[in-house]
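So you can see what is in the structure, the chains are spelled out below.
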Amino acid sequence: MKIGYTKLTGQGELDLLLAGVADKLTAQGKRCMGIVQINSDRDDCHRCDMDVQVLSNGPKIRISQDLGKESRGCRLNPEAMAEAVSAVSQRMEGGYDVFLLNKFGKHESEGKGFRELLGEAASAGATVMVGTNGLNEEAFVEFSGGVAEFVAPDEAEILAWITDTK
């Protein structure tokens, strides 16, 4: 079982990093599964729109909801996230080498979201790479049974870790 995670604190930096990793792996002929997040700035609000790209070549799904420009609460749309989980689950039957998840977040920490699919991917022998944050890092390591390896938040480092066949 090969499970790794990385983290960055700058807003949107982890999303860009993992999207770049997915692009490079696909160009190398690796079959990627999971999601990466794409953020789009808005002129009318200080917060961005959040979309996820279902890998590889799946649909793009808006996972944020507009709660108004002064909102401070969680903007994640649970129905849209469930749609993304379903889209990935359906695609997993076709086989894959690497499972990428932009963030092991609150839903996964609570046993929801992509948690089950992460377990399936690891059990199937795929290499699993997950983004996380300080709030959910411990929950992810616990979920992995303590075998998850931290990989420096650097595209070259992550690609080398994923493609290392040792």
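The coordinates are above.
Only a predicted model underlies this, so the values are computations on that prediction, with no experimental measurement involved.

1. Structural notes on the overall build of the chain
So, step 1. Summing up its helical and strand segments, the chain has 6 helices and 7 strands in all.
So, step 2. N-terminal to C-terminal, the α/β element order of the chain is β-α-β-β-β-α-β-α-α-β-α-β-α.
So, step 3. Put simply, the chain has 166 residues, and 47% of those count as buried.
So, step 4. At a minimum sequence separation of 6, the contacts of the chain that also span at least 24 residues come to 63%.
So, step 5. Carbon and sulfur atoms form 47% of the exposed surface of the chain, whose accessible area is close to 8700 Å².

2. Remarks on the packing of helix α2 (residues 78-92) against helix α4 (residues 115-123)
So, step 1. Contact geometry for α2 and α4: axes closest at 10 Å, N-to-C directions at 20 degrees. Comparing the axis directions of α2 and α4 gives the class roughly parallel. Crossing of α2 against α4: the hand is left-handed. Residues Val 85, Val 88, Ser 89 and Met 92 of α2 form the contact with α4, whose own contacting residues are Leu 117, Glu 120 and Ala 121.

3. So, the nonpolar core
So, step 1. Ranked by internal contacts, the top residues of the largest apolar core, which has 30 residues, are Val 88, Met 92, Phe 99, Phe 114 and Val 128.
So, step 2. Breaking this core down by element, the ones donating at least two residues are β1 (2-6), β2 (32-40), β3 (49-55), α2, β5 (98-101), α4 and β6 (127-131).
So, step 3. Broken down by element, the residue count for this core peaks at 7 residues, all from α2.
So, step 4. Setting aside residues up to four positions removed in sequence, Phe 114 forms contacts with Ile 35, Met 81, Ala 84, Val 85, Val 88, Phe 99, Leu 101 and Glu 108.
So, step 5. Core analysis: the next-biggest nonpolar cluster, separate from the first, contains 18 residues, Leu 14, Val 21, Leu 55 and Met 129 among them.

4. Comments concerning unusual backbone geometry
So, step 1. Between Leu 55 and Ser 56 the backbone carries a cis peptide bond, its omega angle lying at -25 degrees.
So, step 2. By secondary structure assignment, the location of Ser 56 is in the loop between β3 and β4 (60-62).

5. A look at the packing of helix α1 (residues 13-27) against helix α6 (residues 155-163)
So, step 1. Axis separation between α1 and α6 bottoms out at 10 Å; the angle between their running directions is 50 degrees. One element, α1, and the other, α6, form an angle in the oblique class. You can see that α1 and α6 cross each other, and the crossing is right-handed. Across from Leu 17, Leu 18, Gly 20, Val 21, Lys 24 and Leu 25 in α1, the residues of α6 making contact are Glu 155, Ile 158, Leu 159, Ile 162 and Thr 163.

6. A word on the pattern of salt bridges
Close approach of charged atoms lets side chains of opposite charge pair.
So, step 1. On inspection of all chains with the given rule, the structure shows 5 salt bridges.
So, step 2. Between Lys 7 and Glu 137 there is a salt bridge whose closest N-O contact spans 2.4 Å. Of the two residues, Lys 7 sits in the loop between β1 and α1 while Glu 137 sits in helix α5 (residues 137-143), which places them 130 residues apart along the sequence.
So, step 3. Taking relative accessible area as the criterion, Glu 137 reaches 19% and is therefore assigned buried.
So, step 4. The shortest N-O distance in the salt bridge between Lys 112 and Glu 110 comes to 3.3 Å.
So, step 5. Note on Glu 110: relative accessible area 43%, which makes it partly exposed.

7. Quick word on the packing of aromatic side chains
So, step 1. Counting across every chain of the model gives 6 aromatic pairs.
So, step 2. Each ring, one from Tyr 5 and one from Phe 150, has its centre 5.4 Å from the other, and the planes form 70 degrees; the classification is edge-to-face. On the criterion of sequence distance, the pair formed by Tyr 5 in strand β1 and Phe 150 in strand β7 (residues 149-150) is long-range, its members being 145 residues apart.
So, step 3. An aromatic cluster is built from Tyr 5, Phe 104, Phe 140, Phe 143 and Phe 150, whose rings are joined through pairwise contacts.
So, step 4. In this structure, Lys 2 is placed above the aromatic ring of Trp 161, and the distance from its NZ or CZ to the ring centre is 4.8 Å.

About the thresholds
Residues numbered from 1 in each chain as written. Predicted model: local features only at pLDDT ≥ 70, side-chain atom pairs only at ≥ 80, totals over all residues. Heavy atoms only, no water. Helix = DSSP H or I, 4+ residues; strand = E, 2+ residues; numbered from the N terminus. Buried < 20%, exposed > 50% of the residue type's maximum accessible area, 1.4 Å probe, protein only. Contact = heavy atoms within 4.5 Å. Areas by Shrake-Rupley, 256 points an atom, 1.4 Å probe, with all protein chains shown as cover. Axes fitted to C-alpha atoms, helices over the stretch in contact; angles between N-to-C directions. Parallel < 35°, antiparallel > 145°, perpendicular 65-115°, else oblique. Left-handed = near helix turned anticlockwise from the far one by under 90°. Core = buried A, V, L, I, M, F, W, Y, C linked by side-chain atoms within 4.5 Å. Salt bridge = Lys/Arg side-chain N within 4 Å of Asp/Glu carboxyl O. Phe/Tyr/Trp six-rings, centres within 6.5 Å; stacked < 30°, edge-to-face > 60°. Lys NZ or Arg CZ within 6 Å of the ring centre and 35° of its normal.

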